[in-house]
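Structural overview
One letter stands for each residue in the lines below.
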Amino acid sequence: METARHTFHQTSVIAALLDGVLDGDTTVGSLRERGDFGLGTFDALDGEMVLLDGTCFRLREDGSAEEATDAARTPFAVVTRFVAHRELEVTAPTTRAELTARIDATLGSTNYLYAVRVDGTFSRVRVRAVAAQQHPYPRLDEVTEHESIAEFADAEGTVVGFRTPAFERGVSVPGYHAHFLGADRTGGGHIQDYVLERGRVAVCIGTDLHLELPRTAAFAGADLDPVDLDSRVTAAES
């Protein structure tokens, strides 16, 4: 694959969230200095995060969205300066599984990092979010057992997502991980499923990963390689 070097910036690792490390030392302002596109969560899992066109949004448990302040902190996020290296059009109803398969067919390799942006009209989007947690923090997969589900019908909006290679197991979520933000910027969440009626897909290819680890006692003492890591990721992100 011939492409210019392009960096993705990540704070912490998914294995830390799975072990209940839910406070970070990276601010939204710091993320916005490094990218204009991304996703993640906030301290104590107080909302899902979307960074889109340079503005950061907090997606609440009830499916609502609001702009996040630069002072807000995150225990996990991935951001980049989005450049559309590949594009494709969708002109017929397409499920999430069908669209990700179509994107995979255009990539040429699954060994790189990919940021995926989908702008369009969705006949249905199902999202989830969790409530803010209290100390002592539970594991992420335990939290998502009590997630709230919201549905959006006939919605204009944007899918903000990343496709991560399998060798990043424990660092990030292997495969596709995506959040949704409505075009009016008032609603969204962590995507479980959708049907895209029509829209445009843009893919940004990442060749470099800058990983920033939290300087916290909780992270230093976390078990980041449990024997059931794969099943925990599946339970937390499905």
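Attention here is on the structure that accompanies the text. (Residues numbered from 1 in each chain as written. Predicted model: local features only at pLDDT ≥ 70, side-chain atom pairs only at ≥ 80, totals over all residues. Heavy atoms only, no water.)

This part takes up the nonpolar core. One finds Phe37, Ala115, Leu140, Phe162 and Leu181 to be the most contacted residues of the largest nonpolar core, which totals 38 residues. When residues in this core are grouped by element, the largest group, 5 residues, is from helix H1 (residues 14-18). Apart from residues no more than four positions distant in its own chain, leucine 140 is found in contact with Ile14, Leu17, Leu18, Leu45, Ala236 and Glu237. Membership of the second largest hydrophobic core comes to 22 residues, among which are Leu99, Val125, Phe180 and Ile191. (Core = buried A, V, L, I, M, F, W, Y, C linked by side-chain atoms within 4.5 Å. Buried < 20%, exposed > 50% of the residue type's maximum accessible area, 1.4 Å probe, protein only. Helix = DSSP H or I, 4+ residues; strand = E, 2+ residues; numbered from the N terminus. Contact = heavy atoms within 4.5 Å.)

With respect to the element layout, isoleucine 103 can be found in helix H3 (residues 96-107). Here the alpha-carbon distance between isoleucine 103 and arginine 86, two residues 17 residues apart in the chain, equals 9.6 Å. Discounting residues that sit within four places of it in the chain, isoleucine 103 has contacts with Val116, Tyr176, Val201 and Val203.

So, on to the pairing of strand E4 (residues 48-52). In terms of burial, E4 is a largely internal element, 5 of the 5 residues being buried. Of the two faces of E4, both are covered, the one formed by Glu48, Val50 and Leu52 as well as the one formed by Met49 and Leu51. Sheet analysis places strand E3 (residues 37-41) next to E4, joined by 5 bridges and oriented antiparallel. Its bridge partner being in E4, phenylalanine 37 is matched across the sheet by leucine 52. Where E3 folds back on E4, the antiparallel hairpin that results is connected by 6 residues, among which alanine 44 adopts a positive phi of roughly 65°. As paired elements, E4 and strand E5 (residues 55-59) share 5 bridges and run antiparallel to each other. (Pairing = 2+ DSSP bridges.)

One open sheet holds the 7 strands; their spatial order is E6-E5-E4-E3-E8-E1-E15, and the pairing between them is mixed. The sheet terminates laterally at strand E6 (65-67) and strand E15 (208-212), the two strands that pair on one side only. Along the sheet, successive strands turn relative to each other by an average axial angle of 20°, direction set aside. (Axes fitted to C-alpha atoms, helices over the stretch in contact; angles between N-to-C directions.)

Now for the packing of aromatic side chains. Counted under the stated rule, the structure contains 6 aromatic pairs. Through successive ring pairs, a cluster of aromatic residues spans Phe8, Phe37, Phe82 and Phe162. Taking NZ or CZ as reference, arginine 58 lies 4.0 Å from the ring centre of phenylalanine 42, over its face. (Phe/Tyr/Trp six-rings, centres within 6.5 Å; stacked < 30°, edge-to-face > 60°. Lys NZ or Arg CZ within 6 Å of the ring centre and 35° of its normal.)

This next bit is on empty space enclosed by the protein. What the rule picks out here adds up to 3 cavities of 30 Å³ or more. Its boundaries defined by the atoms lining it, the largest cavity holds a volume of some 140 Å³. At the level of elements, H1, E3 and strand E13 (175-182) are the ones that each hand at least two residues to the lining of the largest cavity. Within the lining of the largest cavity, the residues separate by chemical class into 6 nonpolar, 6 polar and 3 charged. (1 Å grid on protein atoms, 1.4 Å probe; cavity = no way out; pocket = protein on both sides within 12 Å on 5 of 7 lines; lining within 4 Å. Points joined across faces, edges and corners; volume = space filled by probe spheres on them. Nonpolar A, V, L, I, M, F, W, Y, C, P; charged D, E, K, R; others polar.)

What follows covers the side chain of threonine 80. Among the secondary structure elements, threonine 80 is positioned in strand E8 (residues 76-80). Within polar-contact distance, the side chain of threonine 80 engages the backbone oxygen of threonine 7 at 2.9 Å. Beyond its immediate chain neighbours, meaning those up to four positions away, threonine 80 contacts His6, Thr7, Phe8, Arg34, Gly35, Asp36, Phe37 and Ala115. (Polar contact = N/O pair within 3.5 Å; in protein donor to acceptor, adjacent residues only side chain to side chain.)

This next bit is on H3. Two residues of an α-helix separated by three or four positions point the same way, owing to the 3.6 residues in each turn. In a regular helix each residue adds 1.5 Å, so 12 residues correspond to 16 Å; H3 covers 17 Å between its end C-alpha atoms and thus fits that length. Along H3, the residues classified as buried are Arg96, Leu99, Thr100, Ile103 and Leu107. Along H3, the residues classed as buried sweep out an arc of 95° about the axis, all on the same side. Turned more than 90 degrees away from the buried face of H3, the exposed residues are Ala97 and Ala105. Next to the buried residues of H3 lie strand E9 (86-90), strand E10 (94-95), strand E11 (113-129), strand E12 (148-164), E13 and strand E14 (188-206). Where H3 terminates, the next one or two residues include glycine 108, which has phi positive at roughly 90°. (Expected span 1.5 Å × (residues − 1). Arc of directions from axis to C-beta.)

What the rule picks out here adds up to 0 disulfides. Cysteine cysteine 56 remains unbridged, with the sulfur of cysteine 204 as its closest cysteine sulfur at 18 Å. A residue is classified by how much of its surface remains accessible, and cysteine 204, at 0% relative accessible area, is buried. (Disulfide = S-S within 2.5 Å.)

Attention now goes to the pairing of E12. Every regular strand shows the same layout, with side chains that alternate between the two sheet faces. Note that E11 and E12 share 15 bridges and pair antiparallel. Paired with valine 116 across the strands is glycine 161, a residue of E12.

None of this, on its own, says anything about what the molecule does.
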